[in-house]
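Structure at a glance
Read off the chains here:
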Amino acid sequence: KNEISLIAPCIAHLRAIGVTEIVVHDVASTDGTREWVASQRDVQLIETRDDDTNEMMENRAMDAVRAIRADWLVGMDADEFPLPRTGDLRACLAATEADVLKIPRYNVVLSEKGLCMPLPPTPKAYGQTELYVQVDRNFRKKLEANPTLTWLQFAPDSKIMVRMDKLRRGDIAGFTAGIHNVEPAEGATVVTEFATDIVTAHVGLSDYERFAAKVGHIQALIAEGISSNFGWTWRRWAEQAAAGTLRDEYDRSVVSEAEIAELRASGVIASAAELLKPQPADPQTKS
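Residues numbered from 1 in each chain as written. Predicted model: local features only at pLDDT ≥ 70, side-chain atom pairs only at ≥ 80, totals over all residues. Heavy atoms only, no water.

**Regarding the overall build of the chain**
Here is the rule: To qualify as a helix, a DSSP run of H or I must reach at least 4 residues; to qualify as a strand, a run of E must reach at least 2; elements of each kind are numbered from the N terminus. Atoms counted for the radius of gyration: C-alpha only. Globule rule: 2.2 Å times residue count to the power 0.38. Here's how the labels work: a residue is buried when its accessible area is under 20% of the maximum for its type, exposed when over 50%, partly exposed in between, all with a 1.4 Å probe on protein chains only. Only the protein chains shown count as covering a residue, and every accessible area follows the Shrake-Rupley method with a 1.4 Å probe. Note on charges: Lys and Arg go in the positive column, Asp and Glu in the negative column, and His and the chain ends are not counted at all. The atoms used to mark charge sites are NZ of Lys, CZ of Arg, CG of Asp and CD of Glu.
Each helix and strand counted, the chain has 11 helices and 15 strands in total. Relative to its length of 287 residues, the chain is compact, with a C-alpha radius of gyration of 19 Å against a globular reference of 19 Å. Expressed along its principal axes, the backbone C-alpha trace of the chain runs to roughly 55 × 50 × 40 Å. For the chain, the proportion of its 287 residues judged to be buried stands at 45%. Total accessible area computed for the chain in this model is approximately 14900 Å², and 50% of it derives from carbon and sulfur atoms. Seen as two clouds, the 32 positive and the 43 negative side-chain charges of the chain have centres 3 Å apart.

**Brief notes about the sheet that holds strand E13 (residues 192–194)**
Our working definition: Should DSSP find at least two bridges between two strands, the strands are taken to pair. Orientation is described by axes fitted as lines to C-alpha atoms, over the contacting stretch for helices, and by angles from 0 to 180 degrees between their N-to-C directions.
Spatially, 4 strands are ordered E3-E10-E5-E13 in an open sheet, and the strand pairing comes out mixed. Of all strands in the sheet, those bounded by a partner on one side alone are strand E3 (72–74) and E13. Along the sheet, successive strands turn relative to each other by an average axial angle of 20°, direction set aside. One ladder, built from 3 bridges, connects E3 with strand E10 (residues 159–163); its direction is antiparallel. By the bridge assignment for E10, Trp-72 is matched with Arg-163.

**A closer look at the environment of Ile-68**
This is how the line gets drawn: Whether two residues touch is decided by their heavy atoms; if any such pair falls within 4.5 Å, the residues are in contact.
Assignment of secondary structure puts Ile-68 in the loop between helix H3 (54–66) and E3. As a C-alpha pair, Ile-68 and Arg-168 span 100 residues in sequence and 9.7 Å in three-dimensional space. With residues near it in sequence (within four places) discarded, Ile-68 still touches Glu-21, Val-23, Leu-73, Met-164 and Arg-168.

**Concerning empty space enclosed by the protein**
Rules: Note on definitions: the grid is 1 Å and covers protein atoms alone; a cavity is a set of points where a 1.4 Å probe fits but cannot get out; a pocket is an open set with protein on both sides within 12 Å along at least five of seven lines; lining residues have an atom within 4 Å of a point. Grid points are joined across faces, edges and corners, and a volume is the space filled by probe spheres set on the points. Three residue categories are used. Nonpolar comprises Ala, Val, Leu, Ile, Met, Phe, Trp, Tyr, Cys and Pro, charged comprises Asp, Glu, Lys and Arg, and polar comprises the others, including Gly.
All chains considered together, the criterion is met by 1 cavity of 30 Å³ or more. Residue lining of the largest cavity: Val-74, Gly-75, Met-76, Glu-80, Pro-82, Ile-103, Lys-159, Ile-160, Met-161 and Thr-200, and that is the complete set. Breaking the lining of the largest cavity down by element, the ones donating at least two residues are strand E4 (80–84) and E10. Of the residues forming the lining of the largest cavity, the biggest block, 3 residues, is contributed by E10. Grouping the constituent residues of the lining of the largest cavity by class yields 6 nonpolar, 2 polar and 2 charged.

**A few points about the side chain of Thr-200**
Within the fold, Thr-200 resides in strand E14 (residues 198–202). Overall, the relative accessible area of 5% leaves Thr-200 in the buried class.

**Things to note about a negative patch on the surface**
Threshold: Surface patches are defined over residues having more than 30% relative accessible area and no salt bridge, joining like charges when they lie within 9 Å and nonpolar side chains (Val, Leu, Ile, Met, Phe, Trp, Tyr) when within 5 Å. The working definition used for a salt bridge is a side-chain nitrogen of Lys or Arg within 4 Å of a carboxyl oxygen of Asp or Glu.
A contiguous patch of negative charge, built from Glu-112, Glu-257, Glu-259 and Glu-262, is present on the exposed surface. Relative to the elements of secondary structure, Glu-259 occurs in helix H10 (residues 257–265). Judged by its relative accessible area of 38%, Glu-259 falls in the partly exposed class.

**Topic: the packing of helix H7 (residues 208–223) against helix H8 (residues 232–243)**
A pair of packed helices is captured by two measures, namely the crossing angle of their axes and the spacing between those axes. Going by this rule: Reported orientations rely on four angle classes, namely roughly parallel under 35 degrees, roughly antiparallel over 145, roughly perpendicular from 65 to 115, and oblique for the rest.
Between H7 and H8, the shortest axis-to-axis distance is 9 Å and the interhelical angle comes to 100°. Classified by the interaxial angle, the pair formed by H7 and H8 is roughly perpendicular. Mapping the contact onto sequence places Phe-211, Lys-214, Val-215, Ile-218, Gln-219 and Ile-222 in H7 and Trp-234, Arg-235, Trp-237, Ala-238, Ala-241 and Ala-242 in H8.

**Some details on the nonpolar core**
This is how it is decided: Only buried residues count toward a nonpolar core. Its members are Ala, Val, Leu, Ile, Met, Phe, Trp, Tyr and Cys residues joined through side-chain atoms within 4.5 Å.
Of all hydrophobic cores here, the largest spans 35 residues; its most connected members are Phe-81, Leu-83, Leu-131, Met-161, Ile-198 and Ala-201. Among the elements that make up this core, the one with the highest residue count is helix H1 (residues 4–16) (5 residues). Core analysis: the next-biggest nonpolar cluster, separate from the first, contains 21 residues, Leu-110, Leu-152, Phe-154 and Ile-260 among them.

**Side note on H7**
The criterion, for reference: Given a helix with a known number of residues, its expected span is that number minus one, times 1.5 Å. Between N or O atoms, a polar contact is any pair within 3.5 Å; within protein, one atom must be a potential hydrogen donor and the other a potential acceptor, and residues adjacent in sequence are included only when both atoms are from side chains.
Taking 1.5 Å per residue as the helical rise, H7 with its 16 residues ought to reach 22 Å, and the 22 Å between its terminal C-alpha atoms agrees with that figure. Looking at the buried positions of H7, the neighbouring elements they touch are H1, H8 and helix H9 (246–253). The backbone nitrogen of Glu-209 lies 3.2 Å from a side-chain oxygen of the residue at the head of H7, namely Asp-207. One or two residues past the end of H7 sits Gly-225, with phi positive at roughly 95°.

**Considering the pattern of salt bridges**
Going through the model one piece at a time under the given rule, you end up with 21 salt bridges. Two residues, Arg-264 and Glu-130, come together in a salt bridge whose shortest N-O distance is 2.4 Å. Within this pair, whereas Arg-264 is found in helix H10, its partner Glu-130 is found in strand E9 (residues 130–132), the two being separated by 134 residues in sequence. Arg-264 gets classed as partly exposed once you look at its relative accessible area, which sits at 35%. Of the charged contacts in the structure, one is a salt bridge between Lys-142 and Asp-136, with a shortest N-O distance of 2.4 Å. Taking relative accessible area as the criterion, Lys-142 reaches 38% and is therefore assigned partly exposed. The buried category is assigned to Asp-136, whose relative accessible area is 18%.

Written out as structure tokens, the structure reads:
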């Protein structure tokens, strides 16, 4: 919803890495996102209106997913940019025998000069694509205990890519919220691997106006009674918005060049090029 600043570079990036079929599920955007998507001849638009129920929304999305003709389903949002090592997503997917690939996801650093990643990103710019690579299963507790920390500095959950034939055969019954994993059908075998030659750059924050608008949307969903299990991070930000401290959270997330250098030296920040550098155990390094 309302991703007009990112939807064009997102779609351009998908085309560049070899995605041949693109389906966009728009949830009642009011900023021109829906109109832009509708103008793209090679993009299928699914629309959800504000008065649609969650069941109607999910059924419409799943119907579109099952109709996809491609070999793989890449589940992502408009603020997520899958970065294949070679720049060719198809080559990476051809190299695996897994049914589900879990793709590590890292937040893009936001500096005083702006987003530390060109839009859309290219393999030549992987060295300039700065990502927070700090993985900590207890980071929720750390955020709750230390209000000076920011969500942006920790790696969020991975996303997935799924073989469509497993979905068509009924081996996969559905997806968890946010498309972070699959729900295998009873008795089905689904082989899952973690990708080593793809990472996802997540533009969690880019400018304050977009951030505040997204939090406003979440506040509306919470008021409508959305599940209490939904997005503790978003609920935290909704509470900050209600308390008038959301701008403080954003300002703490913007770092100076000196801070970036310090965080890079401590291993908290790394470039996409560093993350995607072939390791000795990686089969792609064999001659």
